[in-house]
Amino acid sequence: VWLAEKQGFLTSKEHGANFAITESIKVSAKAELAANLAKLDELLAKPDFKPAWETSVRILFEDMDAIAAAYNETDTLKDAHQRVAAIYASQINAATSKERFNEADSLMQRANRLSPGAAELAAEATLLASAKAVFEEARQRELLLARIDALKQSILTQAKANDVANARKSRDELARLAPED
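Rules and cut-offs
- Residues numbered from 1 in each chain as written.
- Predicted model: local features only at pLDDT ≥ 70, side-chain atom pairs only at ≥ 80, totals over all residues.
- Heavy atoms only, no water.
- Salt bridge = Lys/Arg side-chain N within 4 Å of Asp/Glu carboxyl O.
- Helix = DSSP H or I, 4+ residues; strand = E, 2+ residues; numbered from the N terminus.
- Buried < 20%, exposed > 50% of the residue type's maximum accessible area, 1.4 Å probe, protein only.
- Axes fitted to C-alpha atoms, helices over the stretch in contact; angles between N-to-C directions.
- Parallel < 35°, antiparallel > 145°, perpendicular 65-115°, else oblique.
- Left-handed = near helix turned anticlockwise from the far one by under 90°.
- Contact = heavy atoms within 4.5 Å.
- Expected span 1.5 Å × (residues − 1).
- Core = buried A, V, L, I, M, F, W, Y, C linked by side-chain atoms within 4.5 Å.
- Polar contact = N/O pair within 3.5 Å; in protein donor to acceptor, adjacent residues only side chain to side chain.

It is not clear to me how the pattern of salt bridges should be interpreted in this structure. Could you clarify?
Where charged atoms from two side chains of opposite charge approach closely, those side chains can pair. A complete count under the given rule lists 10 salt bridges for this structure. In this structure, Asp79 and Arg83 form a salt bridge, with 3.4 Å as the shortest nitrogen-oxygen distance. Taken together, the positions of Asp79 and Arg83, both in helix α3 (residues 74-97) and 4 residues apart, correspond to about one turn of that helix. Judged by relative accessible area, Arg83 falls into the partly exposed class, the value being 27%. Residue Arg147 is joined to Glu173 by a salt bridge in which the shortest nitrogen-to-oxygen separation is 2.7 Å. Here the residue Arg147 occupies a position in helix α5 (residues 119-160), and Glu173 occupies one in helix α6 (residues 164-177), the gap between them amounting to 26 residues.

Help me understand the packing of helix α4 (residues 101-114) against α5, please; the structure alone is not making it clear to me.
The packing of two helices is summarised by the inter-axis angle and the distance between the axes. Contact pair α4 / α5: the axes reach a minimum separation of 11 Å and the direction vectors enclose 160 degrees. When the interaxial angle is binned, α4 and α5 end up roughly antiparallel. Viewed along their axes, α4 and α5 form a crossing whose handedness is left-handed. Only Leu121, Glu124, Ala125, Leu128, Ala131, Lys132 and Phe135 of α5 make contact with α4, whose side of the interface consists of Phe101, Ala104, Asp105, Met108, Ala111 and Asn112.

Looking at this model, I keep getting lost on α3. Mind explaining?
Residue pairs three or four apart in sequence face the same way in an α-helix, which turns once every 3.6 residues. Compared with an ideal rise of 1.5 Å per residue, which puts 24 residues at 34 Å, α3 spans 34 Å between its outermost C-alpha atoms and is within 8% of the ideal. Every buried residue belonging to α3 is among Leu77, Ala80, His81, Val84, Ala85, Ile87, Tyr88, Ala89, Ile92, Ala95 and Thr96, and all of these are buried. Just past α3, the residue Glu99 takes up positive phi, approximately 60 degrees.

Could you clarify how one ought to interpret the environment of Ala29 in this entry?
Positionally, Ala29 belongs in helix α1 (residues 2-45). With 39 residues separating them along the chain, Ala29 and Ala68 place their C-alpha atoms 8.7 Å apart. Not counting residues up to four positions away in its chain, the partners in contact with Ala29 are Ile67 and Tyr71.

What's the story with the nonpolar core in this structure? I'm lost.
A general feature of soluble globular proteins is that nonpolar side chains tend to end up buried together. In terms of nonpolar packing, the biggest core is built from 31 residues, with Leu40, Val57, Met64, Val84, Tyr88 and Leu121 touching the most fellow members. Elements that contribute at least two residues to this core include exactly α1, α2 (51-70), α3, α4 and α5. Of the residues forming this core, the biggest block, 8 residues, is contributed by α3.

Help me understand the side chain of Thr96, please; the structure alone is not making it clear to me.
Tracing the chain through its elements places Thr96 in helix α3. A relative accessible area of 11% means that Thr96 is categorised as buried. Within the local environment of Thr96, its side chain forms a polar contact with the backbone oxygen of Ile92, the two atoms lying 2.8 Å apart. Once you skip the residues sitting within four places of it in the chain, Thr96 turns out to touch Phe101, Ala104, Leu128 and Ala131.

Honestly, it's all geometry; don't read function into it.
Below you can see the structure in the form of structure tokens.
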């Protein structure tokens, strides 16, 4: 009986020590999470989107994600991911408005690696796709108009040269390409 009581006492004592250690680790982890969030705030205050900056942000997120998952602090990181997504969305929007689509695509890919599933990035992706489609449609229209103008010039040149056969071919192609007007 004495041995059983002694073992129970030791188990309670060990349990109390383990609890204290666990709480100490939690406090330390939360402090590290807070420090990493402060570092992230510094980086987000002056984003340059260069590889070194993005690597720093990615490493901070990797550390913070591990801590947040272990200590059920995922809501804390949702805000951080949203802030990163918002900064990228702004840059993507600026590149898109200047028709720098390759840059916008690159920013979008990098943003999705740092903040996957962010609503702001999904909205920006839709706007980017729409802007690219409008741009491509306008480019195709310009090419068509240029081809039509070239055919008109060819017809005039061929008519002056009395090249009736080629003028008819050019006219037929022009009729096929040109709008009704």
